[in-house]
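The chain contents come next:
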Amino acid sequence: MSGSYTAVYLITNVFAAYTLFRYMCIFFDRKDVDKRQEFMSYSLYFCIISLLYLSLNNPAVNIASNLIMFFMLTYNYQSTTKTRLIAVVSTYMILMIIEVLVMLILQNYGITVTSGNDAALITGLISIRIFSYIFMLFMSNFKMISNDIKVSNIHWLSIFIIPVGTLILVLIMISMDYTSNVKETIISIMILLVINVFVFYFYDELMKSYESKIEKALLRQQNNAYLKQLEIINQSKESIKTFRHDVKNHALTLKYYIDNHDRVGATEYLDNIFDFINNSKEHAKSGNSEIDSLINYKMDLAEKHNISSEVYLAIPHKLNINPFDLSIVIGNLLDNAIEAALKSENKFINISVELDRNVLYISISNSYDGKLKLTNNKLETTKDNENHGVGISSVQKSIEKYNGTMNIHYDGQVFYVDALMYN
Amino acid sequence: MGFMIGEIMLRIAICDDDKELCIQLKSMLDEISENIGEIFEISVFCTGEELCDSLMSGNRFNLIFLDIELCEINGVEVGRKIREELNDEITQIVYISAKESYAMELFDIRPLNFLVKPIKSEKIESVLKTARKVLGSSNQYYEYKVGNVNFNVLISDILYFESNGRKVKIVLKNDDATEYYGKLSEVEEKIKNSDFFFIHKSYLINYNHVIEYTYEYVKMSNNEILGISQNNRKAVREKLLQKKQRMRHVR
């Protein structure tokens, strides 16, 4: 290998690393990425690949090291193993096909890249890099980011098998003697590439359908929330009705005492009423009607199940945060808290919602039976996996709307959720 | 553990026009003081005017139990006097009210807590614990050198440190500021105070002197707005949540 070839190789390899990065962007969300670490990892990739290529130049080593390092690069991003595998195999397959195609086409025009001729090698290298980049631009129309979406195994496998199969087929084709039928090989590989592009298209569509399914579930949940709100309103109307009826009766009794000049009886009766008023406990009366009604409703429910509760609310009548988002957050968190507390021995729930210097802090702690699974800061309880997941994910979505964050921790007896939203 | 802040005994004010409640609250505090073997200096005021007069004549308290519904000067106005006129972010205010609903303007005073009548002793105890946490470092000094001369500033008076070339600028309350040669990283090392954190590579701010937090910027008690850099936003958010969590676990 000559010096000029090495120089061109190194320069184009920088470009290749960048192209690879752009391919990764098609599959992964860069929102929560540490940019510096990301840059360092791609630089490291560039160094190792260049070193291995220039020192060993063994095809098997090149393929293996590329695949492994692609996979390691995906750990820059938050995703599932399934997505990582598809991304690695597809990206490698595409880059490989382009490389092979460019080589074959050049060969078809009499430029044999494998001949060891420097000019041919450099031409090949540069065209490979350029075509890889152009193809990436074309592919970036698809957004195959699927962070939160759980694809079923069989759907995933049917997508995954195609790039893997293509990769193997191409490897077989170029390892055989193809010099006598270059044109046919080119056509076959082109067809494989087209098939793969369509598979990507389907994968994209599949993701969209999964997404709409989740959205529908979310919508259903929101409708349920509205229904519950309606129920709360009806209940309070009902209690006002009872109250009106009671007032009439109380007034009649008092009138009876007064008519009979029974001052002691009247006072006693009034004391009883005061006791009753002081004892009838309203859990939340911050004046913020949406939050009050939600917490009162949920805590009444908890009380019926013998869950003791303590509520601390330090919030104004009106918040900038949309009441609907807030009720999704608090409602779902309380549902989970009640559900968990029910299974525990010493049943309790503590709620604190507090506005401090424009930041809304929500803290809920509850007793639980000590059994739960936590993966990736996402809760997984035994009950009704799909619905539960939607609950937590809609909480997270609503919190994220306000640039907020949520922390979950637990100690075997008490389960704590702390959340923050900017008002 | 008692409720002493460093060497200082906790100075507490009670301000309520309900004499009964003042007596009740004082006896609760006395009882707690006896139980933990620490002495509180407790002053009782029956009107907002009395408390204001005392503050204006230079008296300061660590903790004020302040009724919201005082006649004449009400609790909100007293709170505003403390925060805005006296520029005091350190005095902790606990509002007392018969109602559980609060007006928006109360939140501008940045109270430590709200207590609803009737007041329970356990609540007072947990409020005292939280206050002690918050007040923890209020009597510590930050020392820096200009030439060969050592200077000291009260840490609780510092709004923020700003790196300014090779100099560190200390911005203090009452529109005061000072400068010396040094590095912010050294300041962070030296100050060892969890109330200070970076919002930007050249701003180290005091949590207690922020009057408004958003994801993108903070507003300091001198009404200055400082941007939080992209890289620090998540860390700042995490810090806020952690601070609040820590406070809550004291309760």
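Residues numbered from 1 in each chain as written. Chains lettered and ligands numbered in written order. Predicted model: local features only at pLDDT ≥ 70, side-chain atom pairs only at ≥ 80, totals over all residues.

## Some thoughts on the overall build of chain A
Each helix and strand in chain A was counted, giving 11 helices and seven strands. With 423 residues in all, chain A has 27% of them scored as buried. The long-range fraction of contacts in chain A, counting pairs at least 24 apart against all pairs at least 6 apart in sequence, stands at 71%. (Helix = DSSP H or I, 4+ residues; strand = E, 2+ residues; numbered from the N terminus. Buried ≥ 20, exposed ≤ 12 C-beta atoms within 10 Å, placed from the backbone. Contact = placed C-beta atoms within 7 Å.)

## Structural notes on helix H6 (residues 153-175) of chain A
Here H6(A) spans 32 Å end to end across 23 residues, near enough to the 33 Å set by a 1.5 Å rise per residue. All of the buried residues along H6(A) are A:Ile162, A:Pro163, A:Thr166, A:Leu167 and A:Val170. (Expected span 1.5 Å × (residues − 1).)

## Notes on the confidence of the model for chain A
Residues and elements named next belong to chain A. With 90% of its residues at a pLDDT of 70 or more, chain A has an overall mean of 83. Per-residue pLDDT, averaged within each element of chain A, yields its smallest value for strand E5 (residues 378-380) (52) and its largest for strand E3 (residues 359-367) (94). Scored below 50 in pLDDT, residues 381-389 makes four contacts in the model with residues more than four places away or belonging to other chains. (pLDDT = per-residue confidence, 0-100.)

## Some words on the packing of helix H2 (residues 35-55) of chain A against helix H3 (residues 59-73) of chain A
Residue and element names in this part refer to chain A. At a closest axis distance of 11 Å, the pairing of H2 and H3 adopts a crossing angle of 175°. Taken together, H2 and H3 sit at an angle that is classed as roughly antiparallel. Listed contacts from H3 to Ser 41, Tyr 42, Tyr 45, Ile 48, Ile 49, Leu 52 and Tyr 53 of H2 are Val 61, Asn 62, Ser 65, Asn 66, Met 69 and Leu 73. Among the residues forming the contact of H2 with H3, the class breakdown is nine nonpolar, four polar and no charged. (Axes fitted to C-alpha atoms, helices over the stretch in contact; angles between N-to-C directions. Parallel < 35°, antiparallel > 145°, perpendicular 65-115°, else oblique. Nonpolar A, V, L, I, M, F, W, Y, C, P; charged D, E, K, R; others polar.)

## A short note on the nonpolar core
Counting residues in each nonpolar core, the largest one holds 96 residues, and the members touching the most others are A:Val329, B:Leu66, B:Val94 and B:Tyr160. The leading source of residues in this core is helix H10 (residues 323-342) of chain A, at nine residues. With near-sequence residues (within four places) excluded, A:Val329 lies in contact with A:Ile362, A:Val395, A:Ser398, A:Ile399 and A:Ala419. Within the second largest apolar cluster, 35 residues are counted, among which are A:Phe27, A:Met69, A:Leu104 and A:Met136. (Core = buried A, V, L, I, M, F, W, Y, C linked by C-beta atoms within 7 Å.)

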